[in-house]
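Observations on the model geometry
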Amino acid sequence: RVVCISDYTKNTFCEKYGYPEDRAQTIYIAIQNRFERADDRVLERLNIKNNQYIVYPANFWEHKNHKLLLNAFAMYATENKEMKLVLTGNPLTQSEYYDSLLKAMKISGRTVITGYVTNEELYSILKNAKGLIYPSLFEGFGIPIVEAMHLNKLIACSNLTSLPEIGCSAICYFDPKKPDEILRGIEFLAKNEVTDEVRKEYAEKLKEYDTNSGNVNLILRLAFSLSFNLSNTSAPDQPSGYIPVNS
């Protein structure tokens, strides 16, 4: 049996490898809260203020789609002078490239690339953000979406792969391949506030990722069953002349 972290992952796996669907099962990741305390000093260090920026927490891999996000944010910044864009994660070997790109787009003063941040700093950045923008082209699950729901943050998110499945109807979904669509997501975050209805939808969806959910118990049962079957499987006959390594 194969356990997958989303229906999207399961369906893709079964289709690509011809694996029988009745032998594959979706068990969502049980999200453990890694944010216990915040280091708000990071806000001053990055020159960002509460509720005056949106955040994208992702390393700068190609499928994370930073270039089109910056294109859309540059469009937004021509008409709106307040909101900043904060990009956490590692720019890898592209620091100089992105520095030049931000200057060419005239948004270097409105865009913050943090580089590596600690969990405490990331917690502070997320909880003080106006919302989360997530234009990824491909995700098997999407942990940042779950964490943003846990923090009751507005979310504007790609409508591709597993992300609509992991999110809920309170999220603003957009086509991440079109800058105009990403711009619509940015504007959604800038113009709206979290309501009680949004919080209610988040709370209901988060039950699926609770560490106390039935999914965790199911994983444990599957693991126990596998270990039991392995422990009761006789070792294959050894070839003639076989000498154990530790003899």
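Everything in this summary refers to the structure shown in the same document. (Residues numbered from 1 in each chain as written. Predicted model: local features only at pLDDT ≥ 70, side-chain atom pairs only at ≥ 80, totals over all residues. Heavy atoms only, no water.)

Describing the overall build of the protein chain
A count of helices and strands for the protein chain gives 10 helices and 8 strands. The buried share of the protein chain, taken over its 247 residues, is 44%. Restricting the contact set of the protein chain to residue pairs at least 6 apart, pairs at least 24 apart contribute 71%. Summed over its atoms, the accessible surface of the protein chain is roughly 14000 Å², and 50% of this surface lies on carbon and sulfur atoms. (Helix = DSSP H or I, 4+ residues; strand = E, 2+ residues; numbered from the N terminus. Buried < 20%, exposed > 50% of the residue type's maximum accessible area, 1.4 Å probe, protein only. Contact = heavy atoms within 4.5 Å. Areas by Shrake-Rupley, 256 points an atom, 1.4 Å probe, with all protein chains shown as cover.)

Observations regarding the nonpolar core
If you look at the biggest cluster of nonpolar residues, it comprises 64 residues, and the most contacted ones within it are Ile133, Ile145, Met149, Ile155, Ile186 and Tyr209. Tallying contributions element by element places helix 3 (residues 66–77) first for this core, with 7 residues. Discounting residues that sit within four places of it in the chain, Ile145 has contacts with Leu132, Tyr134, Ile155, Cys157, Leu163, Gly167 and Ile171. (Core = buried A, V, L, I, M, F, W, Y, C linked by side-chain atoms within 4.5 Å.)

Side note on the packing of aromatic side chains
Under the counting rule described, the total for this entry stands at 11 aromatic pairs. Judged by centre distance (5.3 Å) and plane angle (90°), the ring pair of Tyr56 and Tyr134 falls under edge-to-face. Here Tyr134 lies in strand 6 (residues 131–134) and Tyr56 lies in strand 3 (residues 53–57), a separation of 78 residues in the sequence. Both residues of the pair, Tyr56 and Tyr134, belong to the buried class. On the basis of an interplanar angle of 75° and a centroid distance of 4.9 Å, the ring pair of Phe60 and Tyr98 is categorised as edge-to-face. Of this pair, Phe60 sits in the loop between strand 3 and helix 3 while Tyr98 sits in helix 4 (residues 95–104); the two residues are 38 residues apart in sequence, bridging distant segments of the chain. Judged by relative accessible area, Phe60 falls into the buried class, the value being 2%. (Phe/Tyr/Trp six-rings, centres within 6.5 Å; stacked < 30°, edge-to-face > 60°.)

Section: the pattern of salt bridges
A full pass over the atoms with the stated rule returns 12 salt bridges. Taking the shortest distance from any N to any O, the salt bridge between Arg199 and Asp196 comes out at 3.1 Å. Here the residue Arg199 and the residue Asp196 both occupy positions in helix 9 (residues 196–206), the gap between them amounting to 3 residues, near one helical turn. Classification of Arg199 as partly exposed rests on a relative accessible area of 36%. Note on Asp196: relative accessible area 63%, which makes it exposed. (Salt bridge = Lys/Arg side-chain N within 4 Å of Asp/Glu carboxyl O.)

Regarding the sheet that holds strand 4 (residues 84–88)
Within the open sheet, the 6 strands sit side by side as 5-4-3-6-7-8. Their pairing is parallel. Two strands lie at the open edges of the sheet, namely strand 5 (111–115) and strand 8 (172–174), each paired on one side alone. Taking the axes of each pair of neighbouring strands and ignoring which way they run, one obtains an average angle of 20° across the sheet. Here strand 6 pairs with strand 7 (residues 154–158) via 4 bridges, running parallel. Along strand 7, the bridge assignment pairs Tyr134 with Cys157. (Pairing = 2+ DSSP bridges. Axes fitted to C-alpha atoms, helices over the stretch in contact; angles between N-to-C directions.)

Re the pairing of strand 5
In summary, the side chains of a regular strand alternate between the two faces of the sheet. For strand 5, a buried count of 4 out of 5 residues is recorded, marking the element as mostly surrounded by other parts of the structure. Relative to strand 5, strand 4 is paired through 4 bridges, and the arrangement is parallel. Paired with Leu85 across the strands is Thr111, a residue of strand 5. This β-α-β element, strand 4 to helix 4 to strand 5, shows right-handed connectivity. (Right-handed = clockwise from strand over helix to strand, strands pointing away.)

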